[in-house]
Amino acid sequence: MKKKKILITGITGQDGSYLAEYLLSLGYEVHGIVRRVALEDPTHHFWRLQKVLDQLILHSGSLESFPTLFKIMREVQPDECYHLAAQSFVSVSFEDEFSMMQTNINGTHYLLAALKDACPECRLYFAGSSEMFGKAEETPQRETTRFHPRSVYGLTKVAGFELTRNYREAYNLFTCTGILFNHESPRRGYEFVTRKISSTAARIKLGMEKVMPLGNIEAKRDWGFAGEYVQMMHVMLQQDVPEDFVVGTGETHTVREFLEVVFGELNLNYQDYLVIEKNFYRPAEVDLLVADPQKAREKLGWKSKMNFEELALQMVRHDYDILKKGDDL
């Protein structure tokens, strides 16, 4: 039997790496789109993919080039496409909103257009975000909750969601969006608050740092494990009818709670090192995001397994072990 082909944008990121490993384990032929700079410096850019790099087929391309995306789509003819690539760090979206808007919105539009023209039978998953809800009118948030994004990043994801839905309805394509709430892991980027906490705490324990600078530690989020969430992406594309789903744990925890678990694991009191810096506060804060994953549970049989404390412990133990061995993060 011929292997099914998969195309992943953002394959070098946290979600892309977990998804690539998972799909390879299922017997798929996995292709990824990467920037040329990544191919020129694989050690720095492919660290998340080291275990499976020799099994992947990588293509140099940019989300900002429709001709390139069309060419890749036409040559690969994937059965499934997972669009995970985006400028995704929320605070940067306030500082460089024009670049983020162009990359995220145009990139999604170009990819959908390339799929329609070059490979219309391909099923496409678009990576939405809980940031689309922003200042939510209801808690918890579900598929029918009105979007009220409070960041440029959130705005771009709403635009991507609407583009994905429009291509589904206008051209009868199998396109869907997973509105994933915060999902973390030891592969999370260091600019994100959970990884910043786990890595800085490990450095403090080993005498490499002295303070833990943060912004709003009372902000509440629905945190899950990224390695589980990517499996949900795959399940969504196996359905008979394309639908959009909210994916999350249904539980909420504060940044303060994450601090307590991480520092507690290292026998440290986070209050001895915490420095609140106003410049880390968002111009428009999102205080409470929590998923209602009932639809995903009922229709897809999905439920998160790793709880909040296990996730935090996994991250800090990983960072501490790496630093103790003498490997820099």
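Predicted model only: the values in this text are computed from it and were never measured. Per chain, residues are indexed from 1 in the order of the written sequence. With pLDDT at 70 or above as the cut-off, local features in this predicted model cover only qualifying residues; side-chain atom pairs require 80 or more to be listed or tallied, and sums for whole chains, interfaces and linings still use all residues. Excluding hydrogens and water, the side-chain values take into account all heavy atoms of the structure.

Engineer: What is the right way to read the pairing of strand β2 (residues 29-34) from this model?
Structural biologist: On any regular strand, side chains alternate: one points to one face of the sheet, the next to the other face. Within β2, five of the six residues are buried, leaving the element largely enclosed by the surrounding structure. By definition, two strands form a pair when at least two bridges between them are found by DSSP. In this text, helices come from DSSP runs of H or I with a minimum length of four residues, and strands from runs of E with a minimum of two, each type numbered from the N-terminal end. Pairing of strand β1 (residues 5-9) with β2, which is carried by five bridges, proceeds in the parallel orientation. Note on β2: the bridge partner recorded for K5 is E29. Handedness of a crossover is defined as follows: with both strands directed away from the viewer, a clockwise route from the first strand across the helix to the second makes it right-handed. With helix α1 (residues 14-25) bridging β1 and its parallel neighbour β2, the resulting β-α-β unit is right-handed. Relative to strand β3 (residues 57-60), β2 runs parallel, the two sharing four bridges. Bridged to I33 within β3 is H59. Here the term buried applies to any residue with accessible area under 20% of the maximum for its type, exposed to any over 50%, and partly exposed to those in between, with areas from a 1.4 Å probe on protein chains only.

Engineer: Is there a simple way to explain the sheet that holds strand β6 (residues 175-180) in this structure?
Structural biologist: Through backbone hydrogen bonds, the strands of a sheet pair up, either in parallel or in antiparallel fashion. Strand order in the open sheet formed by seven strands is β3-β2-β1-β4-β5-β6-β11, with parallel pairing between adjacent strands. The outermost strands of the open sheet, each flanked by one partner alone, are β3 and β11 (245-247). Taken over all neighbouring pairs, the strand axes of this sheet differ in orientation by 20 degrees on average, direction set aside. As defined by bridge partners, strand β5 (residues 123-127) adjoins β6 across four bridges and the pair is classed as parallel. Residue L124 lies in a different strand from β6, and its bridge partner there is T175. We call two residues in contact whenever any of their non-hydrogen atoms come within 4.5 Å of each other. All axes here are fitted lines through C-alpha atoms, helices being fitted over the stretch that makes contact, and every angle between N-to-C directions spans 0 to 180 degrees. Of the strands in this sheet, β1, β2 and β4 (80-83) are in contact with α1, which crosses β1 at around 175 degrees.

Engineer: Quick question: what am I supposed to make of the side chain of D15 here?
Structural biologist: Note on placement: D15 falls in helix α1. Counted as a polar contact is a pair of N or O atoms within 3.5 Å, where, for protein atoms, one must be capable of donating a hydrogen and the other of accepting one, and residues adjacent in sequence contribute only when both atoms are in side chains. There is a polar contact of 3.0 Å between the side chain of D15 and the side chain of Q14. The contact partners of D15, leaving out residues within four places of it in the chain, are L84, H183, A226, V230 and M233.

Engineer: Please explain the state of the cysteines as it appears in this structure.
Structural biologist: Note on terminology: a disulfide is the covalent bond linking the sulfur atoms of two cysteines. Any pair of cysteine sulfurs within 2.5 Å is marked as a disulfide. Counted according to the given criterion, the structure contains zero disulfides. Of all cysteine sulfurs, the one in C122 lies closest to C81, which takes part in no disulfide; the gap is 5.3 Å. Here C119 stays free of any disulfide, with the sulfur of C122 as its closest cysteine sulfur at 4.8 Å.

Engineer: Can you help me understand the packing of α1 against helix α9 (residues 226-236) in this one?
Structural biologist: Helices that pack against each other are described as a pair by the angle of their axes relative to one another and the distance between those axes. At their nearest, the axes of α1 and α9 sit 9 Å apart, and the two run at 65 degrees to each other. The element α1 and its partner α9 pack so that their crossing is right-handed. Within the contact between the two elements, α1 uses Q14, D15, Y18, L19, Y22 and L23 and α9 uses A226, G227, V230, Q231, M233 and H234. Asp, Glu, Lys and Arg are counted as charged, while Ala, Val, Leu, Ile, Met, Phe, Trp, Tyr, Cys and Pro are counted as nonpolar; the rest, among them Gly, fall into the polar class. Class assignment of the residues belonging to the contact of α1 with α9 gives a composition of seven nonpolar, four polar and one charged. Handedness of a crossing is defined here by the sense of rotation of the near helix relative to the far one, left-handed for an anticlockwise turn of less than a right angle and right-handed for a clockwise turn.

Engineer: I tried to follow α1 on my own but got confused; where do I start?
Structural biologist: Every α-helix winds through 3.6 residues per turn, so residues three or four apart in the chain are directed the same way. How far a helix is expected to stretch is found by multiplying one less than its residue total by 1.5 Å. Taking 1.5 Å as the rise per residue, α1 with twelve residues should run 16 Å; its terminal C-alpha atoms sit 17 Å apart, in good agreement. Residues of α1 that are buried sit in contact with β1, β2, β4, β7 (183-184), β10 (224-225) and α9.

Engineer: What am I meant to see in the pattern of salt bridges here?
Structural biologist: Any two side chains of opposite charge can pair if their charged atoms end up close together. For this document, the term salt bridge refers to a Lys or Arg side-chain nitrogen within 4 Å of an Asp or Glu carboxyl oxygen. All told, the structure shown has 14 salt bridges when counted by the stated rule. Across the pair E75 and K71 runs a salt bridge whose closest N-O atoms are separated by 3.1 Å. Here E75 pairs with K71, and both are found in helix α4 (residues 66-76), just four residues apart, close to one helical turn. Linking D117 and K116 is a salt bridge whose minimum nitrogen-to-oxygen distance equals 2.9 Å. Judged by relative accessible area, which is 45%, D117 ranks as partly exposed. Each of E138, R142 and D292 takes part in a single network of salt bridges with overlapping partners.

Engineer: Teacher, can you tell me more about the pairing of β1 here?
Structural biologist: In terms of burial, β1 is largely enclosed, as five of its five residues are buried. Bridge count between β1 and β4: four bridges; the pairing is parallel. In the strand pairing of β4, I8 is matched with Y82.

Engineer: Sorry if this is basic, but what is going on with the nonpolar core here?
Structural biologist: In this structure, I8, V30, Y82, Y125, I197 and F263 are the most contacted members of the largest nonpolar core, which totals 62 residues. Here this core takes eight residues from helix α12 (residues 308-324), the largest share from any one element. Beyond its immediate chain neighbours, meaning those up to four positions away, V30 contacts I6, I8, I11, A20, L23, L24, Q55, L56 and I57. Ranked by size, the runner-up nonpolar core spans 22 residues in total, among them V76, L115, A118 and C119. Residues enter a nonpolar core if they are buried and are Ala, Val, Leu, Ile, Met, Phe, Trp, Tyr or Cys, with the set joined through side-chain atoms within 4.5 Å.

Remember that the coordinates give geometry; whether it matters functionally is a separate question.
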